[in-house]
Amino acid sequence: MSQPHSPPTRVPAGARLMLGLAAGAVAFAAADTYVVVLALVDMMQGIGLSPEQLQRAAPIISGFLLGYVAMLPLIGRIADLRGRIPVLTASLVVFALGSIITAAAYDMPTMVTGRFLQGVGGGGLVPATLALVADLYPPERRAVPLGLVSAVQEIGSVLGPLLGAVVLAVADWRAIFLLNLAVGLVLAAAIAAAARRVTADHPDVLRTHRGPPDVVGLLLLLVALVTGGLVFQPPTQLLTDLTWGQLFIPFVEDGGRWLTPVGAVTVAAVVLLVVRCLTATRPLVDLRAWGRSLREADVVGATYLAVALGGVILAFATADPKIEVFSDQGWWYLLGAVVGAVAFAVHLRRAESPLLPRGALAARPAWGSVVVSFFVGAALIAALIDVPLFARTTVYPDSQLMAALVLVRFLAALPVGAVVGGYLTRVLPAGVVTAIGMMMAAAGFLAMSRWDIDSLESWTATIPLVVGGLGFGLALAPVNAAVLAVTADAVHGLASAMVVVARMVGMLVGISALTTIGLRRYYAEQAAVPPVQDVCPAGTTRCAEYSDLLKAAGIAQEQTVFLGAAGCALVAAVLALWLLRGAPTRGTTPLRVSSIG
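From a predicted model like this one, the values you see are computed outputs, not experimental measurements.

### Focus: the overall build of the protein chain
A tally of helices and strands in the protein chain yields 22 helices and zero strands. Considering only contacts within the protein chain whose residues lie at least 6 apart along the sequence, 80% involve residues at least 24 apart. With an accessible surface of roughly 25500 Å², the protein chain has 67% of that area assigned to carbon and sulfur atoms.

### Quick notes on the packing of aromatic side chains
What the rule picks out here adds up to twelve aromatic pairs. By the ring-pair criterion, three or more aromatic residues cluster together here, those being F390, F410, F445, W451, F472 and F562. Above the plane of the ring of Y106 lies R257, whose end atom (NZ or CZ) is 3.8 Å from the centre.

### Some remarks on a nonpolar patch on the surface
A surface patch of nonpolar side chains, about 440 Å² in accessible area, is lined by I155, L159, L162, M402, L405 and V408. Only α6 (143–170) and α16 (400–406) provide two or more residues apiece to the nonpolar patch. Tallying contributions element by element places α6 first for the nonpolar patch, with three residues. Position of M402 relative to the elements: it lies in helix α16. Note on M402: relative accessible area 34%, which makes it partly exposed.

### Some points on the environment of V491
Looking at where V491 falls in the secondary structure, it is placed in the loop between α19 (462–485) and α20 (492–527). Residue classification places V491 among the buried residues on the basis of a relative accessible area of 1%.

### Some words on the nonpolar core
Counting residues in hydrophobic clusters, the biggest one holds 132 residues, and the most contacted among them are F410, M438, F445 and F472. M43, A57, M111 and W173 belong to the second-largest nonpolar core, a separate cluster that totals 18 residues.

### Concerning empty space enclosed by the protein
Per the counting criterion, the structure on display carries two cavities of 30 Å³ or more. A volume near 60 Å³ is recorded for the largest cavity. Around the largest cavity, the lining residues are S373, V376, A475, L476, V479, N480, V499 and R503. Taken together, the elements giving at least two residues each to the lining of the largest cavity come down to α15 (364–393), α19 and α20. For the lining of the largest cavity, the leading source of residues is α19, giving four residues. Its residues assigned to classes, the lining of the largest cavity comprises five nonpolar, two polar and one charged.

### Remarks on the packing of α15 against α20
The interhelical angle for the contact between α15 and α20, taken along N-to-C directions, is 50°, at an axis separation of 6 Å. In terms of orientation, α15 lies oblique with respect to α20. Crossing geometry of α15 relative to α20 is assigned as right-handed. Facing α15, whose interface residues are S369, V370, S373, F374, V376, G377, A378, I381, A382, L384, I385 and D386, α20 presents M498, V499, A502, R503, V505, G506, M507, V509, G510, I511 and L514. For the contact of α15 with α20, a count of residues per class yields 16 nonpolar, five polar and two charged.

### Observations regarding the pattern of salt bridges
Counted under the stated rule, the structure contains five salt bridges. Between R77 and D80 there is a salt bridge whose closest N-O contact spans 3.8 Å. With a gap of three residues between them, R77 and D80 both fall in helix α3 (residues 72–82), about one helical turn apart. The burial state of R77 is the same as that of D80; both residues are buried. Residue R174 is joined to D172 by a salt bridge in which the shortest nitrogen-to-oxygen separation is 3.9 Å.

### Things to note about the confidence of the model for the protein chain
Mean pLDDT over the protein chain works out to 83, with 87% of the residues at or above the 70 mark. Put simply, helix α8 (residues 203–206) is where the protein chain has its lowest mean pLDDT, 48, and helix α18 (residues 430–448) is where it has its highest, 96. Confidence over residues 1–5 falls short of pLDDT 50; this stretch has 14 contacts with residues more than four positions distant or in other chains. A low-confidence stretch, residues 588–597 (pLDDT under 50), is modelled with 27 contacts involving residues beyond four sequence positions or located in other chains.

### What about unusual backbone geometry?
For D298, which is not glycine, the phi dihedral falls at a positive 70°. Note that D298 resides in the loop between α12 (287–296) and α13 (299–317). Relative accessible area serves as the criterion here: at 6%, D298 is assigned to the buried category.

### Things to note about the side chain of R503
Mapped onto the elements of the fold, R503 is located in helix α20. With relative accessibility at 13%, the residue R503 sits in the buried group.

### A few points about the side chain of T487
Along the chain, T487 falls in the loop between α19 and α20. Only 2.7 Å separates the side chain of T487 from the backbone oxygen of V483, close enough to count as a polar contact.

### Notes on helix α7 (residues 174–195)
Here α7 spans 32 Å end to end across 22 residues, near enough to the 32 Å set by a 1.5 Å rise per residue. Residues of α7 that are buried: R174, I176, F177, N180, L181, G184, L187, A188, I191, A194 and A195.

### Regarding the environment of A565
Locating A565 in the fold gives a position in helix α22 (residues 544–579). Among residues more than four places away in sequence, those in contact with A565 are A379, A382, F445 and L514.

Rules used in this analysis
- Residues numbered from 1 in each chain as written.
- Predicted model: local features only at pLDDT ≥ 70, side-chain atom pairs only at ≥ 80, totals over all residues.
- Heavy atoms only, no water.
- Helix = DSSP H or I, 4+ residues; strand = E, 2+ residues; numbered from the N terminus.
- Contact = heavy atoms within 4.5 Å.
- Areas by Shrake-Rupley, 256 points an atom, 1.4 Å probe, with all protein chains shown as cover.
- Phe/Tyr/Trp six-rings, centres within 6.5 Å; stacked < 30°, edge-to-face > 60°.
- Lys NZ or Arg CZ within 6 Å of the ring centre and 35° of its normal.
- Patch = residues over 30% accessible without salt bridge, like charges linked within 9 Å, V, L, I, M, F, W, Y side chains within 5 Å.
- Salt bridge = Lys/Arg side-chain N within 4 Å of Asp/Glu carboxyl O.
- Buried < 20%, exposed > 50% of the residue type's maximum accessible area, 1.4 Å probe, protein only.
- Core = buried A, V, L, I, M, F, W, Y, C linked by side-chain atoms within 4.5 Å.
- 1 Å grid on protein atoms, 1.4 Å probe; cavity = no way out; pocket = protein on both sides within 12 Å on 5 of 7 lines; lining within 4 Å.
- Points joined across faces, edges and corners; volume = space filled by probe spheres on them.
- Nonpolar A, V, L, I, M, F, W, Y, C, P; charged D, E, K, R; others polar.
- Axes fitted to C-alpha atoms, helices over the stretch in contact; angles between N-to-C directions.
- Parallel < 35°, antiparallel > 145°, perpendicular 65-115°, else oblique.
- Left-handed = near helix turned anticlockwise from the far one by under 90°.
- pLDDT = per-residue confidence, 0-100.
- Polar contact = N/O pair within 3.5 Å; in protein donor to acceptor, adjacent residues only side chain to side chain.
- Expected span 1.5 Å × (residues − 1).

Given below as structure tokens:
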């Protein structure tokens, strides 16, 4: 287990370069979260689904979220035990692996597997990068780099759909994920190289392993990649060749692609590579060391927590937020989440070295940051989901793209607010900055709750979007700064992960609660609509006047959701003032850091 180190008193040489690369990786992974917005239909067709089967594509989205959220606490804990740089580079490699599997996917299971690995890799970058800030910067100087990390993450969410549109304009959807593969590997190599330039004595940063490459391991990896590529996407010329085509004929009837000669070679190469990594003196991947880290990080407890988080994710993420709160299996997923949560709680009391060390989040600003982050997420999701829905209901009924672009005004303001929030946290208490930001978000939502059918056609609609985006941005850096300021150095990765997980879970629970409230308003408004024969001319089944009445019911639903989001934002503001007070984010006398043990 890593030994805690004292916070740095100065910024070490090369820190800005390394942090810039890590933040760039976070932004690129964030872009991938949204890149499927435009590519989803093409991805469905690539695995044999028609656009009419959109509901069957839900696992493509939920698989990514499952990997991103459910595995985050474990990855954050491993970052504390094994070091930030190994976790950053490993996360990028996993992200790249998931990208190539997604690009080569030929059916739903392989595509979901690829997206899951992308989620694991992309999610793992966030807590490791936030903890890296704490390793490299003294407490009174962390807020600005934390704000910058949050800013580039949100910029990635803006650029994601645009990147997808550019790539789709000139190439197939698979090119998006091949680009991910190339960028992921380049960033992993660049971060590993930049780590050597950090000269200060920070073991959590510098704990990297160097040595000559494992040639045998590299050859086995190459064989596995080449033959695996042939399994996933066999060239037509080889399939139709009388000689080479025999490599793709299953050993048994209906045996599938993996029970072919080329599939068997792939499996054998992977097995031999794993054996090599477990037995070699200097393996390509030190699986023994990673295995020790998994055990030290409490993989059993992490599994229980992953089941709990996974149940919540699947219950909400597989539902259509426009018409339902849960998917058809939602209550079963929630039951599994409850079982996992109970098992995790019992495990924490009994385990000698649990995933969440005793006292790790004992300080009020520590657990308070988690609570505040939950309500920030619950409010934020209303903007991300319901602003485009409002646009579809009113001015862009026939254009998903134009409706989504309305949100760009909000998303463009968010990273600006994140940077400003970082600077403000250097002179104002973290709770005050967070409260100001969330009150601005509440004001933006209150203005949105008064939108009508023509509002988005006026320039004034931009004001609440920009104010709301700036407000949410202001709240990001101080929440992260507060949790890092009052937790022990040895749990910064885990603490950062818990804040991110809380925000993501808040988004999922928030959209469910707000959807419930909004649907009740919709049904009430719809019940007040007179019968169509009382509105439309005789002999017609629909007319513009009747459509306007139904559209008004939909607008009322979205107005109610915005009001609910304003309430969540105000709750976050009040809690921030109370729970984050005393967090030493301005270089004042440090609050006693909670012990772990």
